[in-house]
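Below, each chain spelled out in residue letters.
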Amino acid sequence: MPPCDRMAEPPRRRFRYHAGAVRMRTTDQPRMPHAKLDLHQPTGDTVTTTTCYMCACRCGIRVHLKDGKVRYIDGNPSHPVNRGVICAKGSAGIKQHYSPARLSKPLLRVGERGAGEFREIEWDEALALATEWLGDVRRRNPDELAFFTGRDQSQALTGWWAQQFGTVNYAAHGGFCSVNMAAAGLYTVGGSFWEFGEPDWDLTRYLMLWGVAEDHDSNPIKLGLGKLKARGAKIVAINPVRTGYGAIADEWIPIQPGTDGLLAGALIHELLRTDRIDLDYLVRYTNAHHLVIRAPGAADDGLLARDAQGRAICAVREDAELRLAPADLPGIAPLVVGEYMLEDGRIGVPAFQLLTERYLSDDYAPDRVAARCGVEAATIRRLARELAEAAFDQAIELDQPWTDAYGRTHATMTGRPVAMHAMRGISAHANGFHTCRALHVLQMLLGAIDTPGSFRYQPPFPKPVPPPNRPGRDRKDNGALDAGPLGFVHGPQDLLVDAAGAPRRIDKAFSWEHPFAAHGMLQSVIRNAWAGDPYRIDTLLLFMANMGWNSAMNVGQTRAMLTDRDPATGRYRIPHVIYVDAYASETVELADLVLPDTTYLERHDCISLLDRPISDADAAADAIRRPVIAPDRDVRPFQDVLLDLGARLGLPGMTREDGTPRYPGGFAQYMVEHERAPGIGLLAGWRGVDGELHGVGAPNPGQLERYAEHGCYWHHAVPPSARYYKMANRDYLQWARGLGFLGSEAPITLELYSERLQRFRLAARGHGAVQPPDGERARVERYFDPLPFWYGADGEAVEADAEAYPLSAITQRPMFMYHAWGSQNAWLRQIAARNVLYLNARTATEHGVADGDWIWLASPLARIRVQARFHGGTAPGTLWTWNAIGKRRGAWRLDGDAPESREGFLLNHLIDELAPAREDGRRLANADPVTGQAAWFDLRVRIERDPAPREPGHRVEAIAPLRRPS
Amino acid sequence: MTALPPKGRVKLGLVIDLDTCVGCHACAVACKEWNDGGQFGPLEDHDAYGAEPDGVWFNRVHSYQVAAQAVPPLVRTVEAAAAAVTAAPSSGGCGAQADTGMTVHFPRSCLHCETPACVTVCPTGASYKRAEDGIVLVDEERCIGCQLCAWACPYGAREFSEHHGTMQKCTLCVDRIYNERLAPEDRQPACVKACPTRARHFGDLGDPDSAVSQLVAEREGYAPMPELGYEPVNRYLPPRPRRAAPPESAPAASADDRYDPAALPPLLRWLDRALSR
Amino acid sequence: MRPALSIVFFTTLSGAGYGLWVLIAIAVAIGAAPADRLTIVAALLTGLALTSIGLLASVAHLGKPLRAWRALGQWRSSWLSREAVLALACVPLCLLLAWRVESVHSGLRIRIGFAVFALLAAATVVCTARIYASLRTVRAWRDWRATPLYGLYALQTGGLWLWLLVAIAAPRTAEGAIGAAAGSSAWLAALAAGIVLTSALQRAYWRRPDDARPDTAAATGLGPPGSVAAMEAPHTEENYLLREMGFALARRHAERLRAIASRTLFALPLLAIGMGLLLPAWALPAAIAGTASAMVGVFVQRWLFFAEARHVVQAYYR
Ligand SMILES: Nc1nc2c(c(=O)[nH]1)N[C@H]1C(S)=C(S)[C@@H](COP(=O)(O)OP(=O)(O)OC[C@H]3O[C@@H](n4cnc5c(=O)[nH]c(N)nc54)[C@H](O)[C@@H]3O)O[C@H]1N2
Ligand SMILES: Nc1nc2c(c(=O)[nH]1)N[C@H]1C(S)=C(S)[C@@H](COP(=O)(O)OP(=O)(O)OC[C@H]3O[C@@H](n4cnc5c(=O)[nH]c(N)nc54)[C@H](O)[C@@H]3O)O[C@H]1N2
Ligand code: SF4
Ligand code: SF4
Ligand code: SF4
Ligand code: SF4
Ligand code: SF4
Ligand SMILES: [Mo]
C-alpha cells in the first residue's frame, strides 16, 4: 500500500479562521449548553486521494480513515472532473465498500447451475482450474473463449489480454450501452457525445439535450448545467420524460420515442429552407463540397471523386471559370451545389447538394413529421429559428489568435454558441446510428462543432474519421491476434466474416449483420453461444456484467440458456462459465467458477487515455485508483488475476523468455512498465525516467508516486490557441501528435457524407471482393445510406404489431443508483427500494388504469405485474420506470422480502434480444443494423388489467418459453 | 436554553436554488455520510438490508409536479383522470402533450428558523438556538426523546432515532463551518460542498451584503409557510418560469420570409454563393 | 398524528385523576365533602394512582426515560415542562393532604391546602391540553375547543370516578355528607349536565370544517393552491415522519370510532346516572358501568384526537 497523504488534513490551528464568506466570531459564545460540542474535531486520522468508482464518471475523491475504517469520502476540490463536488453514489461509497454482499472467497459450483450452491476454494485451486480450462481452449481454438466485460474501466488491459490470448471474441459492454453514439460520432466527426465531448459550458447560450438522463459525465454535466443556469442560457430537453435535467430545462419537448431522427431532420429542413446555415464552416471543415460520383451501377457510384493522388476534389469558381480542385486546398472558393463534369467525363455532385435534396424533401417538412414526433410544426419551426439565432445572431468572437492547419493565422475565434448533447435516448434505438449522425450533421450546418460556445471535443479526440485501428483478424505465430479484437471497420475487407460471408465472432459483431459493431455485442453472446450460432464455445468469461439480470435482454430466457444442458451429452450447452464480480449479484449463481474482486478502495485501477479517458475539452487527463485500505477478505484485484492467469497460460507479453511472470507486481507494475507502442503506456503523465515527459516517454518507475502526489490524476492543459477548431487547428494537431494522440498533423475532415457507408452499399450491390451473402444484400443496401435518414418501426428491428402493442416503454437512470450496484447500499436503497411505472393520465385513462393500480405490462415475450403512477411529465403513449431497481429475490444478500424483489421490477423481462422474424424466417439481433447497438428503447408493450388492481405484488409470467434450436 | 435567544445579527443558513436543483440526492447522502461518522452520529439505519429499509436523514429531496393550473393533488380514479385530461386546455406548448407544468425538486432540511416552536416546546433545553449564529441544534446529552419538537416543526426537519432514543436534525454542519482542522475551502456544510449543480449556497443571511443575501434579493428567495410564524432563515430561490419562447427578443425579421421556394428552386440560391475555404 | 398508546393512556388516565382531584379538593375546600375521612383519602389516593400510572405511561413514551427528570427544567417556555413540574408538585401535596385531612370539617389551613391543590390539579390538565393546542403544526388542535375539552373530559371522568367511590362508600356513610353532596341528585344532575355540555362541544369539534390547508403548494411555496402534487417522495419506504406524522385514518373508520366514543362517553354514562337517580339501590353497578364506559370512551376519543389530526408536514408527501 502506498503511503497516505498523512498531512493533507491540516493540524488544528494551522489555519486561523477569520471573517470570510461567513462573518462571525467564534470567541464570544455565550454559556454553551452543548457541553460536548466540539467544533474542531478532525475528520479522520488520515486522508488519501483516489478515484471514485461508484460510477463511470470517475471523480476525484478523498477518503478519510478513522481507526482504520473509512469514515468519510468527499470530492477532491482540485480534481478536474468534479471540482470537489460528489454525487449521492460517491458519498455512499462507504456502504458499498462495507456491503454485506461482498464476495469473500473464490467459489466453485457444486450444485446445479443457478442453484447457487458453491464450495469456497483457495485461489490456487481457482487459478489452476481456470488455467486448465483456458489452456485447453487456447490449444484447441482460442476463439472458444468468449471474454466479455461490463461496466468496467479496464479495457486497456482486458482487450490487450484477449488479444494476447488470441480470441476474437472479446468485447466490453459498449454494444448494449451506447455504441451508436460512439460509432456515429467517430464515423462522422472523429469524436462523439457520450463522454468524449462536451458542450462549451462556459460560453454556450443554447443547449439542446437529446435523450439524456444522467450520462457518464454525471458531475461534469451537472456542474455545467449549474453554470448555464447561473448565466440564464436556454436549455431545451428533448425527451419523452421530464425529470432530472429535463426538470430544470427551459423547454421540454415531449417527443415520441424513436422519432428524434425525424425531428432532427425537420430542424435541418428548416435551417436549409430558411438558409440559416454556416456554409463557410461547411466547406472549411466538412466534406460538404466534396464531389460525389454520380454513376448509377458503377463500382464507384456514390464514392468521392478523387484526383490522381487520391485527394477528394471539389468544384471551384475562379474568375468566373469553373474548375476542379483538390477539396482540401486552402483559399479556394468551393461550390456546394450543381453538377460538375469530372475528368473522366462523369458527373460529380457536391455532397451538400445530396444532403439538401434529402432534407428539403417533404419527408422532413415540419408539418409532415409533427404528428409522428408528437411535436407541433410551429414548435419545430421555432426551435430551428432559435438554434439559428443562437448560432448566428449571437455569434461570439473570442479574442484568441490561432493558426489553422494550413498555417493561416486568424485574429479571433468565431463561436456559434449553440451546443447539443445526446445520449441513450438517441442511441438505444435501432435507428440510433443514423439519428445520431443527423444530430452531428445538424451541428455542422450550424457551424457548431468545436467552436466557442458549441459542442467541443475532449482530447484525445478528434481522431481521424474513422479512427485508424481496425479489429484484429489473424493470429500471429505466438498465438496472439494481430491487433486488439475491437476497432473500426473501414471497408468490407475489414469485416470479421468467413469466405461465405458468415460471422466469425460469436456475437456477430463486424459481420454483415452489424458491420460497425465497434464495441462488440455483449447482448448477443449468451444467445449465440447457447444456440451454437455461428458456433459453440467452451468458456464464457464474464467480468463485471450482470448478464443474469438487469444487463440482459430477455432475462428469463437468458437464465434458461445459461442453465440449459445439451440433451445429447448432458453437458451444459455453454460448458464453462467463469464470472468475476465483487458482489453477490444475480449472475454469480449462474457461474461455475466465481473469482471475487476487491472493492474500488482496495486496488489499483487505471483510467487511461487508451480506454475511456476523463479529459475535458481544455485538457487531456488520466488518473489512477489506488488501494486505500487492505481487503479483509480473500479477494484479489481482477487485473492482478488476469496478469497472473496470463503468466500461467504463458501468454505473450505476460511471461518473460524464461517463463517467469512478466508482471509479478501485478497491475500496478503493468500500469507503469507496459508499453503499447514505444513510449506509450497506460498512463500519459510523468513519463520518462525522471518523470519530465508527458504523453510519450520511457516508463518511469516513480510514476505512481507522482500520481499519488497529484491527487491521483494527470491533467495536461491544451494551449489556449489550440482549444477550438481542434480538427483543423495547427497548434492543437501538433500538441496532440506530440502526446501520441494523432499519427499526423493533417486536418480532420468532418463527414457530412459518409463514403465509408457507401462502400458497404456498393458491396451489397455486387461490387468488390467482399460482398454480403445474398440474404443480407437488401438490408445492407438500405441501412448503409451515406447520408443520415430516419426509419421507424417499419424497419426490421421491432415490428411488433402496432395495434397489439401500442405503447412505448423505456427506462431512465436514477441519479442516485448505479445499475445493479446501488440496491445493496444501505443508504441508497433508503431513497428507492422499489420502482413504479409512470404514465400520463391520458394514456392511463385510455387503458382504464387508475393512479396506484397494479397492472400487467405485456410484450410477446412475457408479462410483468407492476404498479402504475400518473405523471404529467411523461409524453402520452410512453411508459417509463427507473432502471435496475428491481432485484431477484435473494440476490445481493437482501432479505427475501425486500421491496426490490417484492414490488420492484425490470423491463428487461419484456425486451427481446432478437428482432421479430424476417421474411426469410431469420431473427437477427434486436439492434441497430449498422452498429449492433441493443435497441432497449424500442420496446413496445400493452397494458392488461389485473382483476385485483389494489393488491400489491410484482410477478413475472413467461409468455414465450425458451425453445431449443433445431 | 429553550427560551429563544434575542435575535442576533448573524443568521447562518442555506439558500437552495430550485431553478437549478436536478433532484440528484447528492446533498442528502453527503449529509448522511458526514453526520453518520461525526459527533452528531451515528445516524441510525434500520433494517438496512431488509423489508423496511429506513433511517435518520437530516436532508431529504422531494420531487413535485407543478401544474400550470390547479389540479386535484392525486387523480385517484379513472373518471377523475379523464375529467382532468379533457378539462386541461392545451395552451401553446407541444400539441397533444400541452403540459405547461414543471417538475420541481425540493430538498428539505432544517430552515434554522428565528422563532421556532421546536425550541420553545422542548422541556429539557436540549433543543436550542445558538445566540451567536442562529443555528438550531439538539444537545443529545440532554434530550429525553419526547419528540415534541418534531411535532412542533412544520418542515419535517427533525427525525427521531429509536436507537439513540433522542432527536436528531440538521446541524448546519456546525462542526465543519468553524472547524480549524479543515482547510478553509472545506469549511462549508457537507451538502453545499457536495451539490453537483451548485444549487446550494451557505452564508450569513443576517448580513444584507453577503452573497447569499444578494442572491435572495435578486431572485426573490422565499421561505415556505411564513404564515406559521417560524421565520425561517433558509431561503428557496423559486424556479424561473419556463421559457418556451426565444430567450431574448423576437427573431430578427422572420428569417422564413427571406426565401421563397416557389420563386426560386431551392438549390439555386447557393449556386452563386462565394464561399471561402 | 400517530396515536401512540402511551400518550393516549397517559392523557386519559391522568386526566381522570386530575379531574377527580379537582372535584374532591373543591368539595373539601368549600366544605361540601363527606365527613368520612376514608372516602376523601380514597379519592386522593385513587387520583394519585391514576395520575401516576398516566405519568409512568408518558415516561415510557420517552426515548430516554431515565432522563425524564430533565423535563422539569424549562417551565418558563415549555408547556410540557410546566405540566411535569405541576404534576410533580401535586404529589407531595396530595400525600400531605391525605395525611392531614380529618373530615369535611377540616380547619381553614387544610381547606386552603385543598383549594391550592385543586388549582394545581386543574392547571396540570390545562398544561397537558396546551402542549397540543399550542402546536401551530396541527390545525385541528388549534381549535379553541381543544383545551376546554381536555378540562371537561378530566372533570367528567374524574366526576364519574368520584361517584363510583362514593357509591362504594355509601353503605358505610349513613348520615354522610357524601350523600348530601356527591350522592345527591343535584350533584349527579350537575355531572349529567357537564356530560351534555362536553358532548355538545365534542360534536362541534368533530364537525368543524377540516380543510387540508396548508396544501402541498403552500408547504413548498411552488404555486397557487392545488397546483402542486408529489411525484416522488424522498424515500419509497416509510420513515419516521410518515409513521409519526403521516398517520391517516380512513373516514369510514373514523366515523365508526366516533360513534363508539359518543355512545360510551355520553350515552351510557348518562343512562347510568339516570339509573342512579331513579334507582338508588342500583347506584353502585350504575356507577361502575358509567365510569368504565366513560373510560373506554375517553380512550377512544383521545385516540381519535391524535389519529384524526393532520400534521402540516404531510403536505410535503401529498
Ligand atoms: N446515476 C447513474 N448514472 C449512470 C448510470 C447509472 O446507472 N446511474 N449508468 C451509466 C451508463 S452505463 C450509461 S450507458 C449512461 C446512460 O446515460 P443516459 O443516456 O443519460 O441514460 P438513460 O437513463 O438510459 O437515459 C435515456 C434518456 O433518454 C430518454 N429517451 C428514451 N427514449 C428516447 C427517445 O426516443 N428520444 C429521446 N429524445 N429521449 C429518449 C429517456 O427518457 C431518458 O431520459 O449513464 C451512466 N451514468
Ligand atoms: N432495461 C434496461 N436495461 C439496461 C439498460 C437500460 O437502459 N434499460 N442499460 C444497459 C446499459 S447501457 C448497461 S451499461 C448495462 C449495465 O449493466 P452492467 O454492466 O452489467 O452493470 P451492473 O449491473 O451495474 O454491474 C455489473 C456487475 O458489476 C459488479 N461490480 C460492481 N463493482 C465491481 C468491482 O469493483 N469489481 C467487479 N469485478 N465487479 C463489480 C456488480 O456487482 C454487478 O454484478 O445495463 C443495460 N441494461
Ligand atoms: S459521479 Fe460517479 S465517479 Fe463521480 S462521485 Fe458520483 S459515483 Fe463517483
Ligand atoms: S425547520 Fe423545524 S427544526 Fe428547523 S428551526 Fe424550523 S422549526 Fe425548528
Ligand atoms: S425530543 Fe429532545 S429535543 Fe425534542 S423536545 Fe424532546 S427533549 Fe427536546
Ligand atoms: S447543513 Fe450539514 S447537517 Fe444540514 S443538511 Fe446540510 S449537510 Fe446536513
Ligand atoms: S445536491 Fe444539489 S442538485 Fe442534487 S438534490 Fe441536492 S440541491 Fe438538488
Ligand atoms: Mo451503459
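Our structure is the block above this text.
Residues numbered from 1 in each chain as written. Chains lettered and ligands numbered in written order. Predicted model: local features only at pLDDT ≥ 70, side-chain atom pairs only at ≥ 80, totals over all residues. Heavy atoms only, no water.

All names here are of chain B. All residues adjacent to ligand 6 are Cys 31, Asn 35, Phe 58, Asn 59, Cys 170, Thr 171, Leu 172, Cys 173, Pro 189, Ala 190 and Cys 191. When residues of the shell around ligand 6 are traced back to their parent elements, those giving at least two are helix 1 (26–36) and helix 6 (190–194). Taken together, the residues that form the shell around ligand 6 break down as eight nonpolar, three polar and no charged. (Near = heavy atom within 4 Å. Helix = DSSP H or I, 4+ residues; strand = E, 2+ residues; numbered from the N terminus. Nonpolar A, V, L, I, M, F, W, Y, C, P; charged D, E, K, R; others polar.)

A separate point is the site of ligand 3. All names here are of chain A. The environment of ligand 3 is formed by Cys 52, Met 54, Cys 55, Cys 57, Arg 58, Cys 59, Ile 86, Cys 87, Lys 89, Gly 90, Ser 218 and Asn 219. Broken down by secondary-structure element, the contributors of at least two residues to the shell around ligand 3 are helix 1 (88–91) and helix 7 (218–231). Its residues assigned to classes, the shell around ligand 3 shows seven nonpolar, three polar and two charged.

What follows is about unusual backbone geometry. Of all residues except glycine, most have a negative phi; of all peptide bonds, most are trans. Note the cis peptide between A:Pro459 and A:Pro460, where omega equals 10°. With respect to the helices, strands and loops of the structure, A:Pro460 is situated in the loop between strand 22 (455–457) and helix 16 (522–531). Look at the link from A:Val465 to A:Pro466: it is a cis peptide, with omega at -15°. For B:Arg198, which is not glycine, the phi dihedral falls at a positive 55°. Its place among the elements puts B:Arg198 in the loop between helix 6 and strand 10 (200–204). Despite not being glycine, B:Glu231 has its phi angle at roughly 55°, a positive value. Here B:Glu231 is to be found in the loop between helix 7 (211–219) and strand 11 (235–237). Relative accessible area serves as the criterion here: at 35%, B:Glu231 is assigned to the partly exposed category. (Buried < 20%, exposed > 50% of the residue type's maximum accessible area, 1.4 Å probe, protein only.)

Let us look at empty space enclosed by the protein. Residues and elements named next belong to chain A. If you add up the space inside the largest cavity, you get close to 530 Å³. Along its surface, the largest cavity is lined by 41 residues, and Arg 151, Asn 550, Ser 551, His 819 and Trp 821 are the ones closest to its centre. Here the lining of the largest cavity is built from residues that sort into 22 nonpolar, 13 polar and six charged. Of the pockets and cavities examined, the second largest cavity occupies roughly 410 Å³. Surrounding the second largest cavity, 33 residues form its lining, Ala 213, Glu 214, Asp 215, Arg 424 and Arg 813 being those nearest its centre. Among the elements of the structure, helix 14 (424–427) and strand 29 (807–812) are those that each provide at least two residues to the lining of the second largest cavity. Ranked by residues supplied to the lining of the second largest cavity, first place goes to strand 29 with three residues. (1 Å grid on protein atoms, 1.4 Å probe; cavity = no way out; pocket = protein on both sides within 12 Å on 5 of 7 lines; lining within 4 Å. Points joined across faces, edges and corners; volume = space filled by probe spheres on them.)

In this section: the interface of chain A and chain B. In this complex, chain A contributes 136 residues to the contact, which on the side of chain B involves 109 residues. The tally of links from chain A across to chain B stands at six salt bridges. A salt bridge links B:Asp19 to A:Lys229; its shortest N-O distance comes to 3.2 Å. If one sorts the elements of the side of chain A that touches chain B by residue count, helix 13 (residues 377–393) of chain A sits on top with six residues. (Contact = heavy atoms within 4.5 Å. Salt bridge = Lys/Arg side-chain N within 4 Å of Asp/Glu carboxyl O.)

Attention shifts here to the environment of A:Ile864. Residues and elements named next belong to chain A. In this fold, Ile 864 is placed in strand 32 (residues 862–870). Under the relative-accessibility criterion, Ile 864 is labelled buried at 0%. Taking the C-alpha atoms as reference points, Ile 864 and Pro 100, 764 residues apart in sequence, are found 29 Å from one another.

The values are spatial; any link to function lies outside them.
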